[in-house]
Amino acid sequence: MVTSLPNLLTLSRIVVIPVMVALFYVDGPTARWGACALFIAAAITDWFDGYVARSRNQVSTFGRFLDPIADKLLVVSVLFMLVAFNRVSQLSILSALVIVLREIMVSGLREFLAEVRVGLPVSRLAKWKTGIQMVAIPVLLVGDALTILPTREIGEVGLSVAAALTLITGWDYLRSGWHHIRANPVPVDPASPHD
């Protein structure tokens with residue numbers, strides 16, 4: 001099942017990351033448009049792999065494990081590079097930080113809830129957050145290469161909206177999982193190493 005089409009689509013989102021990172025080191029509008037196109041293609045595979053997996057009955061444990069990881073690696077790596085290359089304002093750095101921290105928090109929460117066999121379904125508002133984020137990031141990737149619109153400003157507004165929704169959905173997820181955390185205390189073994 002690792003080589004099924006849905007899983008290959010998911011893996012493609014990880015494979016494209018080094019290419020996108022390399023394009024940051026290339027000057028000129030062609031590289032910016034190329035990075036934008038790659039990100040959009042990767043975002044499309046995020047929707048398409050789930051559709052194909054369900055329609056062909058190819059949902060797999062590997063795919064369920066890898067899909068959210070591929071999404072987070074793609075988004076976090078691009079946000080990191082946008083910040084590193086000063087392609088966003090100081091205020092938008094805070095938006096990027098909020099998004100990254102929320103992704104880490106939700107991943108940790110999902111990992112804990114999986115251990116106690118509790119699911120954490122994606123909320124409708126979280127889907128809106130992801131949608132806005134996946135539009136804002138390619139706009140920021142193009143940036144100044146598109147001169148007929150204030151592209152950077154538009155992308156930064158989108159990123160700020162995504163960050164605001166990130167705070168709301170992150171709080172909702174934490175609140176939903178908190179009673180499971182309190183109901184399932186893990187006994188501390190003093191001999192075991194701590195992360």
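Look up: the structure comes first, before these words.
Remember, predicted model here, so these are calculated numbers, not experimental data.

> Kindly report on the overall build of the protein chain, identifying the contributing residues and their values.
Helices and strands together make up the secondary structure of the protein chain, namely 6 helices and 0 strands. Beginning at the N terminus, the succession of helices and strands in the protein chain can be written as α-α-α-α-α-α. Taking all 195 residues of the protein chain together, 37% fall into the buried category. Taking all contacts inside the protein chain whose residues are at least 6 apart in sequence as the whole, residues at least 24 apart take part in 79%.

> Requested: an account of the side chain of T166, with residues and values cited.
Relative to the helices and strands, T166 resides in helix α6 (residues 151-183). In this structure, T166 is in contact with V98, I99, R102 and K129, ignoring residues within four places of it in sequence.

> Outline the packing of aromatic side chains, listing residues and values.
All chains considered together, the criterion is met by 2 aromatic pairs. Taken together, a centroid distance of 5.0 Å and an interplanar angle of 90° make the contact between Y25 and F85 edge-to-face. Separated by 60 residues along the polypeptide, Y25 in the loop between α1 (5-23) and α2 (29-55) and F85 in the loop between α3 (61-84) and α4 (90-115) bring together distant segments of the chain. By relative accessible area, which is 60% here, Y25 ends up exposed. Pairwise contacts between aromatic rings join F24, Y25 and F85 into one cluster.

> Run through helix α5 (residues 124-142), naming residues and quoting values.
Between its first and last C-alpha atoms α5 spans 28 Å; for 19 residues at 1.5 Å apiece the expected length is 27 Å, and the two agree. Listing the buried residues of α5 in full gives A126, K129, Q133, M134, A136, I137, P138, L140, L141 and V142. Following α5 by one or two positions, G143 adopts a phi angle in the positive range, close to 50°.

> I'd like a description of a nonpolar patch on the surface, backed by residues and values.
Taken together, the side chains of L91, L94, L97, L101 and I104 make up a nonpolar region of the molecular surface, amounting to roughly 520 Å² of accessible area. On the secondary structure map, L94 appears in helix α4.

So, how was this worked out
- Residues numbered from 1 in each chain as written.
- Predicted model: local features only at pLDDT ≥ 70, side-chain atom pairs only at ≥ 80, totals over all residues.
- Heavy atoms only, no water.
- Helix = DSSP H or I, 4+ residues; strand = E, 2+ residues; numbered from the N terminus.
- Buried < 20%, exposed > 50% of the residue type's maximum accessible area, 1.4 Å probe, protein only.
- Contact = heavy atoms within 4.5 Å.
- Phe/Tyr/Trp six-rings, centres within 6.5 Å; stacked < 30°, edge-to-face > 60°.
- Expected span 1.5 Å × (residues − 1).
- Patch = residues over 30% accessible without salt bridge, like charges linked within 9 Å, V, L, I, M, F, W, Y side chains within 5 Å.
- Areas by Shrake-Rupley, 256 points an atom, 1.4 Å probe, with all protein chains shown as cover.
- Salt bridge = Lys/Arg side-chain N within 4 Å of Asp/Glu carboxyl O.

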